[in-house]
Amino acid sequence: MTGFLLAGVQFEPVLGDPAANAEASGHWVREAARRGARLVVLPEASSAGYMFTDRAEALRHAEPVPGGPVYSAWAALAAELDLWIVAGITELAGERLYNSAVLIGPHGYIGTYRKAHLWNAEQDVYDRQQDGFPVFDTPLGRIAIGICYDAWFPETFRSAALRGADLLALPSNWVPVPGQPADAPTMANLMCMTGAHSNQFYVAGISRTGVERGQRFIGSSLIVGPGGWPLAGPAGGTGEELVLAEVDLIGSRAARHGNPFNQPLADRRPELYETGGPAAPR
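Asker: Describe the pairing of strand β10 (residues 209–212), listing the residues and the values that go with them.
Answerer: Across four bridges, β10 lies against strand β11 (residues 215–218) in antiparallel orientation. Paired with V211 across the two strands is R216, which belongs to β11. What sits between β10 and β11 in their antiparallel hairpin is a turn of two residues, with R213 showing a positive phi close to 50°.

See the structure below:
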């Protein structure tokens, strides 16, 4: 059997307090393990918070991956509890600073993803990655990672799918979208659902809650199946909670790729698509 329980931890990291965040996230990882989870996804910037005033402040709370204190706490949990963790982390790599997410397994470090699409003031804080969208092969299945604003770019989902991903883990810090109707799903949830459906894989969009330096975060974490429909969530907009869903990344491959009606990967016409070039004029 290849199915397992996937957990998303919706919690509120503390700005500039990695020790507190390691403890709080560790509590939730343990609770997820107690419920039977084998893979746990934490939000974006779970190690040190998000609303840094500038690059210098972010650098004070960044850490190497692997090897930093919050990373090490998560790695110890993964080993003790025999599970995998995807978590947002403020990464120091030499003189470079990244908004990253790390994948850790029971036997330690597996890989790092660095946010490709920097949002708003992030462009003044973090370096831009040049690594693309790696896919990590694990006993649970092939896992790709995006971070928050990456979901606004269909290339994120498609790049992962074309590399064979079964799951896109999406640690996030979702914020209110102007003009959002009260009776409609959040835009972030719609992005996750559409990306899952059009790429025939699972998506775990896991966001934080709370307010940091005046910025409100909206939670709404969810786990989406390859058909585009939520398997768990959306979670609420304010409280800390787990979202949990039974998934089968490996065992569902044949059905996902053998859909007789919709084959968005197999039916592509890349010879008709423009690639690269400058952005359209504004």
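Having put the structure on the table, let's press on.
Asker: Please provide a residue-by-residue account of a nonpolar patch on the surface, values included.
Answerer: Nonpolar side chains collect at one region of the surface, where V177, M187 and L190 lie side by side and expose about 190 Å² of accessible area between them. Mapping V177 onto the fold places it in the loop between β8 (167–172) and α6 (187–199). Residue class for V177 comes out partly exposed when judged on its relative accessible area of 31%.

Asker: Can you tell me about the environment of P13, naming the residues and giving the values?
Answerer: Here P13 shows up in the loop between β1 (4–10) and α1 (18–34). Sequence separation of P13 and L265 is 252 residues, and the distance between their C-alpha atoms is 37 Å. Not counting residues within four places of it along the chain, the set of residues in contact with P13 comprises N21, A45, S46, G49, R208 and E212.

Asker: Quick one: what's the story with the packing of helix α5 (residues 154–162) against α6, residue by residue and with numbers?
Answerer: Helix-helix packing is characterised by the crossing angle of the two axes and by the distance between the axes. Axis separation between α5 and α6 bottoms out at 10 Å; the angle between their running directions is 35°. α5 and α6 meet at a crossing whose hand is right-handed. Contact with α5, carried on its side by F157, R158 and A161, involves M191, G195, S198 and N199 of α6 and no other residues of that element. Of the residues belonging to the contact of α5 with α6, the class tally is three nonpolar, three polar and one charged.

Asker: For the sheet that holds strand β5 (residues 108–114), give the residues involved together with the corresponding values.
Answerer: Spatially, six strands are ordered β5-β4-β3-β2-β1-β14 in an open sheet, and the strand pairing comes out mixed. Only two strands of the sheet have a single neighbouring strand rather than two, namely β5 and β14 (241–247). Here the strands of the sheet are splayed against their neighbours by 30° on average, with no regard to which way each runs. Summarising the sheet, β1 and strand β2 (residues 37–41) pair through four bridges and their orientation is parallel. Paired with G8 across the strands is V41, a residue of β2.

Asker: Can you lay out the side chain of Q10 for me, pointing to particular residues and giving the numbers?
Answerer: As for its placement among the helices and strands, Q10 is situated in strand β1. In this structure the side chain of Q10 is engaged in a polar contact, spanning 2.8 Å, whose partner is the side chain of S221. If near-sequence neighbours (up to four positions away) are discounted, Q10 is found in contact with I206, S207, T209, G219, S220, S221, A235, G236, G239, E240 and E241.

Asker: Can you break down the packing of aromatic side chains residue by residue, with the values?
Answerer: Within the structure shown, the criterion is met by five aromatic pairs. Residues Y50 and F217 carry aromatic rings whose centres are separated by 6.1 Å and whose planes lie at 85° to one another, so their mutual orientation is edge-to-face. Taken together, the positions of Y50 in the loop between β2 and α2 (55–60) and F217 in strand β11 put the pair 167 residues apart, joining distant regions of the chain. Ring plane angle 40° and centroid distance 6.5 Å describe the contact between Y149 and W152, whose orientation is recorded as tilted. On the basis of relative accessibility, which here comes to 25%, the residue Y149 falls in the partly exposed class. Members of the aromatic cluster, joined through ring pairs, are Y149, W152 and F153.

Asker: Before we move on, could you go through α6 and cite the residues and values that matter?
Answerer: Between its first and last C-alpha, α6 extends 18 Å over 13 residues, near the 18 Å set by a 1.5 Å rise per residue. Within the sequence span of α6, burial applies to A188, N189, C192, M193, G195, A196 and N199. The buried residues of α6 occupy an angular sector of 165° when projected down its axis, which confines them to one face. The secondary structure elements touched by the buried residues of α6 are α5, β8, β9 (202–207), β12 (222–224) and β13 (230–232). Once α6 ends, the next one or two residues include Q200, with phi positive near 55°.

Asker: Mind laying out the nonpolar core, listing which residues take part and the relevant values?
Answerer: One finds L6, L39, L167, L168, W174, F201 and V203 to be the most contacted residues of the largest nonpolar core, which totals 48 residues. Once you skip the residues sitting within four places of it in the chain, L39 turns out to touch F4, L5, L6, A7, W84, I85, V86, L140, I143 and L167. Among the nonpolar cores identified, the runner-up in size contains 25 residues, and A22, V29, V40 and L77 belong to it.

Conventions we followed
Position numbers for residues count from 1 along each chain, tracking the sequence in the order it is written. With the structure being a predicted model, the display of local features is reserved for residues of pLDDT at least 70 and the display and counting of side-chain atom pairs for 80 or more, all residues being used for whole-chain, interface and lining totals. Water and hydrogen atoms play no part in the side-chain values, which are based on all heavy atoms of the structure. Note on pairing: two strands pair once DSSP finds at least 2 bridges between them. The numbering of helices and of strands both runs from the N terminus, where a helix is a DSSP run of H or I of at least 4 residues and a strand a run of E of at least 2. Each patch is built from salt-bridge-free residues with over 30% relative accessible area, joining like charges within 9 Å and nonpolar side chains (Val, Leu, Ile, Met, Phe, Trp, Tyr) within 5 Å. For the area figures, the Shrake-Rupley method with a 1.4 Å probe applies, and any residue is considered shielded solely by the protein chains shown. Salt bridges are defined as contacts in which a side-chain nitrogen from Lys or Arg sits within 4 Å of a carboxyl oxygen from Asp or Glu. Burial classes follow relative accessibility: with a 1.4 Å probe on protein chains only, a residue under 20% of its type's maximum area counts as buried, one over 50% as exposed, and anything between as partly exposed. The contact criterion used is simple: two residues touch if any of their non-hydrogen atoms lie within 4.5 Å. The axes are straight lines fitted to the C-alpha atoms, using for helices just the contacting stretch, and the angles between their N-to-C directions are given from 0 to 180°. Take the far helix as the reference: if the near one is turned anticlockwise from it by less than a right angle, the crossing is left-handed, and if turned clockwise, right-handed. Ten residue types, Ala, Val, Leu, Ile, Met, Phe, Trp, Tyr, Cys and Pro, are classed as nonpolar, four, Asp, Glu, Lys and Arg, as charged, and the remainder, Gly among them, as polar. Side-chain atoms alone can form a polar contact between residues adjacent in sequence; in general such a contact is a pair of N or O atoms within 3.5 Å, and within protein one must be able to donate a hydrogen while the other accepts it. Each Phe, Tyr or Trp ring, with Trp reduced to its six-membered ring, pairs with another whose centre is within 6.5 Å; inter-plane angles below 30 degrees give stacked pairs, above 60 give edge-to-face pairs, and intermediate values give tilted ones. For a helix, the expected span equals 1.5 Å multiplied by the residue count minus one. Read the arc as the range of directions from the helix axis to the C-beta atoms. We call a set of buried Ala, Val, Leu, Ile, Met, Phe, Trp, Tyr and Cys residues a nonpolar core when their side-chain atoms join them within 4.5 Å.

Scope: geometric values only; no functional claims are made or implied.
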